[in-house]
Amino acid sequence: MKCFFNRFRNLFVLFALFFLNETPAQENNSDINHPTQFWDKVQFGGGIGLGFGSGFTDISLAPSAIYNINEYGSIGLGLQYKYLKQQNSFASHLYGGSVIGLLNPLPEIQLSAELEQLRVNVNLDGSNSNSQSFWNTGLFVGAGYRSGGATMGVRYNVLQDENNIYGSRFMPFVRFYF
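The following paragraphs examine the structure supplied in this document. Per chain, the residues get numbers from 1 upward, laid out in the order the sequence is written. Only residues with pLDDT of at least 70 are given local features in this predicted model, and only at 80 or more are side-chain atom pairs given and counted; all residues enter the totals for whole chains, interfaces and linings. Excluded from the side-chain calculations are hydrogens and water; all other atoms, namely the structure's heavy atoms, are used.

Things to note about the layout of surface pockets
In this approach the atoms are scanned with a rolling probe the size of a water molecule, which exposes any empty space left behind.
(1) Moving on: A cavity here means a set of 1 Å grid points, computed over protein atoms only, where a 1.4 Å probe fits but cannot escape. A pocket is an open set with protein on both sides within 12 Å along at least 5 of 7 lines, and lining residues have an atom within 4 Å of a point. Grid points are joined across faces, edges and corners, and a volume is the space filled by probe spheres set on the points. There is about 1000 Å³ of room inside the largest pocket.
(2) Moving on: Sorting the residues of the lining of the largest pocket by element identifies β1 (42-53), β2 (56-68), β3 (73-86), β4 (90-106), β5 (109-124), β6 (131-147) and β8 (170-177) as the ones contributing at least two each.
(3) Moving on: The dominant element in the lining of the largest pocket, judged by the number of residues it contributes, is β4, at seven residues.
(4) Moving on: Split by residue class, the lining of the largest pocket holds 21 nonpolar, 13 polar and six charged. Secondary structure elements follow DSSP: runs of H or I no shorter than four residues count as helices, runs of E no shorter than two count as strands, and numbering proceeds from the N terminus. Throughout, the ten residues Ala, Val, Leu, Ile, Met, Phe, Trp, Tyr, Cys and Pro are labelled nonpolar, Asp, Glu, Lys and Arg are labelled charged, and all others, Gly among them, are labelled polar.

A few points about the pairing of β5
(1) Moving on: Both β4 and β5 contribute to a ladder of 15 bridges, which runs antiparallel. From the neighbouring strand, G97 faces β5, where its bridge partner is Q117.
(2) Moving on: Strands are labelled as partners when DSSP assigns at least two bridges between them. Linking two consecutive strands that pair antiparallel, namely β4 and β5, is a turn of two residues.
(3) Moving on: Where β5 and β6 come together, 15 bridges link them in antiparallel fashion. Residue pairing in the sheet places N123 in a bridge with S131 of β6.

With respect to the side chain of S92
(1) Moving on: In this fold, S92 is placed in strand β4.
(2) Moving on: In protein, a polar contact requires one atom able to donate a hydrogen and another able to accept it; more generally it is a pair of N or O atoms within 3.5 Å, and residues adjacent in sequence count only if both atoms are side-chain atoms. Of the polar contacts made by the side chain of S92, one reaches the backbone oxygen of N121; its length is 3.2 Å.
(3) Moving on: We call two residues in contact whenever any of their non-hydrogen atoms come within 4.5 Å of each other. With near-sequence residues (within four places) excluded, S92 lies in contact with K82, Y83, L84, V120, N121 and V122.

Observations regarding the pattern of salt bridges
(1) Moving on: Each reported salt bridge corresponds to a side-chain nitrogen of Lys or Arg within 4 Å of a carboxyl oxygen of Asp or Glu. Applying the stated criterion across every chain, the model contains two salt bridges.
(2) Moving on: In this structure, the salt-bridge partner of K82 is D58, at a minimum N-O distance of 3.3 Å. Remark: D58 occurs in strand β2 and K82 occurs in strand β3; sequence separation between them is 24 residues.
(3) Moving on: As a salt-bridge pair, E114 and R155 come within 2.9 Å of each other at their nearest N and O atoms. Placement of E114 in strand β5 and of R155 in strand β7 (residues 150-157) is noted, with a sequence separation of 41 residues between them. The burial state of E114 is the same as that of R155; both residues are buried. For every residue, the accessible area (1.4 Å probe, protein chains only) is compared with the maximum for its type, and the residue is labelled buried under 20%, exposed over 50%, or partly exposed between those bounds.

Below you can see the structure in the form of structure tokens.
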């Protein structure tokens with residue numbers, strides 16, 4: 001597993017270096033007179049989720065921020081908190097963070113890679129004697145349609161196995177940045 005994360009880190013560094021290579025020849029005179037500030041390239045967003053069903057509750061909050069390296073690529077960080085409860089079965093709190101890379105080969109198409117690390121705390125049948133706590137890692141690759149600050153698409157969990165917290169390798173997403 002350590003080898004896998006070293007490879008991911010190396011790919012992330014290469015991705016960042018590729019998109020950070022902006023040359024002065026690409027700038028016009030207005031850019032020289034008004035240099036871009038760091039915060040001008042930062043966008044905030046994320047998602048809020050709320051789901052209720054027959055004895056089931058799902059509440060999530062996932063703020064994030066990205067830095068637009070250029071018109072083709074962005075990198076960012078996110079936080080996540082999720083509360084799940086199934087009546088007479090379990091209650092769970094999940095929290096953690098993620099690192100995301102976004103690639104826009106065309107203005108309408110967005111490709112993504114996201115490494116997510118969540119702490120999972122589960123209380124089965126409301127009893128502390130049946131509680132479980134563990135870390136869950138997800139590595140998602142995705143593609144979506146982008147319009148303005150919103151992207152809708154699907155992502156695939158490369159690390160999904162039978163012990164993973166997600167029900168499926170494929171997960172739809174809607175992402176907003178302002």
